[in-house]
Amino acid sequence: MREMKASINNHRAYTSPQEKREYDRQYHKEYRESNREELQKYIKEYFQANKEQITEYKKDYQQANKEAISEKQKEYRQSNKEAISEKQKEYRQSNKEAISKQKSEPVECDCGCIVSNQNLAQHKKTKKHLNNLK
Ligand SMILES: [Zn+2]
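Just so it is clear, the model here is predicted, and its values are computed rather than measured. (Residues numbered from 1 in each chain as written. Predicted model: local features only at pLDDT ≥ 70, side-chain atom pairs only at ≥ 80, totals over all residues.)

**Student:** It is not clear to me how the overall build of the protein chain should be interpreted in this structure. Could you clarify?
**Tutor:** Each helix and strand counted, the protein chain has 9 helices and 2 strands in total. The order of α-helices and β-strands along the protein chain, N terminus first, is α-α-α-α-α-α-α-β-β-α-α. The buried share of the protein chain, reckoned over its 134 residues, is 0%. The contacts of the protein chain with a sequence gap of at least 6 include a subset with a gap of at least 24, amounting to 0%. (Helix = DSSP H or I, 4+ residues; strand = E, 2+ residues; numbered from the N terminus. Buried ≥ 20, exposed ≤ 12 C-beta atoms within 10 Å, placed from the backbone. Contact = placed C-beta atoms within 7 Å.)

Here it is, written out as C-alpha cells:
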C-alpha cells in the first residue's frame, strides 16, 4: 500500500489530471479484480454481522419512501405491462397442472365443510357456511 501511494505521488508530478484519474481508475479496477474474493468475503461477513441493522435500515427506508416506491412500482408496471402479462401467461402455462391441482385440492373450511380450494372463497359466502358457524 505504501509503495502504491509513493508511485501515485511520483506520477502526479508529470501527469495531467485526466491521466491521473485514468491511472487511479485503472488502479482501483485492478485492486478490485485481484481482491475480488476477499472483497466478496468481506461484504458477506459485513452483511452477516450487520444483518439486523441492515434489515432495520431497509425497513426504515421503505417506510420513509413508501409513496415514492409505490409510485415507482406503478410506473414500472405501467411501462412493462405487456412483458409482465406475458410472464404471467408463461408462468400459468408452464404451471398449469400444479395450479389446477392446487385449485381442486380439498381443504377443510372453518365450519367443518370440505370444499375445494377454488370454491373456498365462494363457499364462505353461502348460507350453509354461515349457518354452520352459528
Ligand atoms: Zn365453511
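There is more to say, and it comes next.
**Student:** How should I be thinking about helix H4 (residues 51–64) in this particular structure?
**Tutor:** For an α-helix, 3.6 residues make a turn, and residues three or four places apart therefore share a direction. An ideal rise of 1.5 Å per residue puts 20 Å on 14 residues; H4 measures up with 20 Å between its terminal C-alpha atoms. A small share of H4 lies buried, amounting to 0 of its 14 residues. (Expected span 1.5 Å × (residues − 1).)

**Student:** Just checking my understanding: could you explain helix H2 (residues 17–34) for this structure?
**Tutor:** The end-to-end C-alpha distance of H2 is 25 Å, a good match for the 26 Å that 18 residues give at a rise of 1.5 Å each. Summarising burial for H2: 0 of the 18 residues are buried, a small minority.

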